[in-house]
Amino acid sequence: MVSAFQVFRYRAANSLLKLFIALQPKVKPMLLLGQASARQLCQAIARFGHRKVLIVTDKPLVDLGMIAPLEEALNQLGVEVTVFDQVEPDPTDIIIRKGEALARSCQADAVLAIGGGSSIDAGKVVAVAAAGLEPLEGNGLVKGLGLPLYALPTTSGTGSEATVAAVVTDSANQTKRGMGGPGFAPVAAALDPLLMEKLPPSITAATGMDALTHAIEAFISHWHAPESDRYALASAKLIFDNMPRAFAQGDDLDAREGMAIGAAYGGFAINSAMVGYTHAIAHQLGARYHLPHGLVNAVLLPHVLEYSKQAAAGRLAELARFVGLGNAGDSEAQLAD
């Protein structure tokens, strides 16, 4: 039985966290769009004066040959590159410490995270830790800036390339721990559909559902605001319009680009509106049973929305109308269903 005091304490803590987030500087990465934008990002890194860059990624991308061309492009621009390819799904604090040590030993002056949400989250935390800010300690709210971070997503799901947060698995108790602050925002990110065209249909669907969950949870959040609403609606519309095409035809680069923008917009939306119960449950199941995050979100989302439907019917109906579901004469309850 939950006491009145526990409810009060939870609401007070929630209000303080909302105020803290509202007072944080609003930072957004520069987004480079379109085919070959990955190479444009390499040029931007060199033009910003970086000379020693740590690439944070996973071994499968290295084995697929996706990292070598970017490493070569940076080398040709006079940038020395060190590759850290030990990131695994749901990166742990142990992996972060290894990446931090390598960043220090190679004297990196910037980090380029390449991959899905796990690699980008790992890159964020490595960049902050290498600057001495210790994100793995304390309450997870990090003040100050880490090493300049750049992001190249190879999936369209987490929106980590657009957010001021990261998630790391605590290896001691197998729980996921969120952390955030302006220092986790990339300086720039490239949404290059050429890096996504070979993504298998199953991963396209799972990561796409993660992005859609961001859009929906941000839109029905008690913390929603006009700016987060605009990004959440745009994100949901882009995903509804493009995910079936990207799933059916992986080399449809227009659909891939639409999904990439939709995922990034979902990330912008949750920067202030945050996520909800779907993510709260999914993170714990993922950490405990090592399940794909997007897939768990896809399974949980209908149940959480059913639970929330009475309170969120108006917002869900507005979202449904915007993405083109239902008919003009449908009632709010019908659209919410």
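Relevant structure appears above.
Residues numbered from 1 in each chain as written. Predicted model: local features only at pLDDT ≥ 70, side-chain atom pairs only at ≥ 80, totals over all residues. Heavy atoms only, no water.

1. A few points about the nonpolar core
The cut-off we apply is this: Take the buried Ala, Val, Leu, Ile, Met, Phe, Trp, Tyr and Cys residues and link them wherever side-chain atoms come within 4.5 Å; each set so joined is a nonpolar core. Three labels apply to residues, based on accessible area from a 1.4 Å probe with only protein chains included: buried if under 20% of the type maximum, exposed if over 50%, partly exposed otherwise in between. Every helix listed is a DSSP run of H or I at least four residues long, and every strand listed is a run of E at least two residues long, numbered separately from the N terminus.
By size, the foremost hydrophobic cluster in this structure holds 28 residues, and its most contacted members are L54, V56, I96, V125, M179 and F184. For this core, the elements supplying multiple residues, two or more each, are β2 (52–56), α5 (93–105), β4 (110–115), α6 (117–130), β5 (149–153) and β6 (165–170). For this core, the element with the highest residue contribution is α6, accounting for 7 residues. One finds L212, M259, A312 and A313 within the second-largest nonpolar core, a separate group that totals 27 residues.

2. Notes on the sheet that holds strand β1 (residues 30–33)
The condition that has to hold: Think of it this way: DSSP has to see at least two bridges between two strands before they count as a pair. Lines fitted to the C-alpha atoms define the axes, with helices restricted to the stretch that makes contact. Angles between their N-to-C directions range from 0 to 180 degrees.
Taken in spatial order, the 6 strands of this open sheet run β1-β8-β5-β4-β2-β3, and their pairing is parallel. The sheet terminates laterally at β1 and β3 (80–84), the two strands that pair on one side only. Averaged over all pairs of adjacent strands, the angle between their axes in this sheet comes to 20 degrees, without regard to strand direction. Note: β4 against β5, 5 bridges, orientation parallel. Note on β5: the bridge partner recorded for V111 is L149.

3. Here's the deal with helix α11 (residues 293–323)
To be explicit about the condition: What a helix should span is 1.5 Å times the count of its residues minus one. The angle between axes fitted to the seven residues ending at a residue and the seven residues starting there is what we call the bend at that residue.
With 31 residues, α11 should cover 45 Å at 1.5 Å per step; its first-to-last C-alpha distance of 24 Å lies more than 12% under that length. Of all bends in α11, the biggest is about 95 degrees, found at A312. Immediately downstream of α11, the backbone of G324 shows phi near 95 degrees, a positive value.

The quantities given are spatial measurements derived from coordinates; they are silent on function.
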